[in-house]
Amino acid sequence: MSACPICRKAEADPKYRPFCSRRCSEVDLQRWFSGAYVIPVPLEEGLKEDDEND
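Per chain, residue numbering runs from 1 following the sequence as it is written. With the structure being a predicted model, the display of local features is reserved for residues of pLDDT at least 70 and the display and counting of side-chain atom pairs for 80 or more, all residues being used for whole-chain, interface and lining totals. Heavy atoms throughout the structure, all of them, feed into the side-chain values; hydrogens and water do not.

A.B. asks: When you look at the overall build of the chain in this model, what are you seeing that I'm missing?
C.D. replies: Helix numbering and strand numbering both begin at the N terminus, where a helix is a DSSP run of H or I of at least 4 residues and a strand a DSSP run of E of at least 2. When you go through the chain residue by residue, the secondary structure sums to two helices and zero strands. Each residue gets one of three labels from its accessible area relative to the maximum for its type: buried under 20%, exposed over 50%, partly exposed in between, using a 1.4 Å probe on protein chains only. Residues counted as buried form 13% of the 54 residues belonging to the chain. Here the contacts in the chain between residues at least 6 apart in sequence split such that 5% fall between residues at least 24 apart. Exposure was quantified through the Shrake-Rupley algorithm and a 1.4 Å probe, taking into account, for residues, occlusion by the shown protein chains and nothing else. Roughly 4,800 Å² of accessible area belongs to the chain as shown, and the carbon and sulfur atoms make up 52% of that amount. The criterion used for residue contact is that any of the two residues' heavy atoms lie within 4.5 Å.

This is the structure in structure tokens:
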């Protein structure tokens, strides 16, 4: 098993994989909700989408 990507201390629990606990899985989810994690989009693609909506 591998270490938890949030706390890096405990091994991942199969129930919450790849996290070690519910707490660490919720920390990760909160980071997505808050915008701490983002999926980069090339600037050109983002502009094309905005132009279509106008």
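A.B. asks: I keep staring at unusual backbone geometry and nothing clicks. Help me out?
C.D. replies: Backbone geometry follows two general trends: most residues other than glycine have a negative phi, and most peptide bonds adopt the trans configuration. Cis geometry is found at the peptide bond from arginine 17 to proline 18, where omega equals 10°. By the secondary structure assignment, proline 18 is in the segment before α1 (22-34). Non-glycine residue arginine 8 carries a positive phi angle of around 55°. Within the fold, arginine 8 resides in the segment before α1.

A.B. asks: I would appreciate a short explanation of the packing of aromatic side chains in the present structure.
C.D. replies: Pairs of aromatic rings are described using the distance from one ring centre to the other and the angle between the two planes. Paired rings are identified among Phe, Tyr and Trp, the last through its six-membered ring, by centres lying within 6.5 Å, and are further divided according to the angle between planes into stacked (under 30 degrees), edge-to-face (over 60) and tilted (the rest). For the coordinates displayed, the defined rule picks out one aromatic pair. Taking the centre distance of 5.1 Å and the plane angle of 70° together, the rings of tryptophan 32 and tyrosine 37 count as edge-to-face. Judged by its relative accessible area of 40%, tryptophan 32 falls in the partly exposed class. Classification of tyrosine 37 as partly exposed rests on a relative accessible area of 27%.

Any link to function would need more than the numbers given here.
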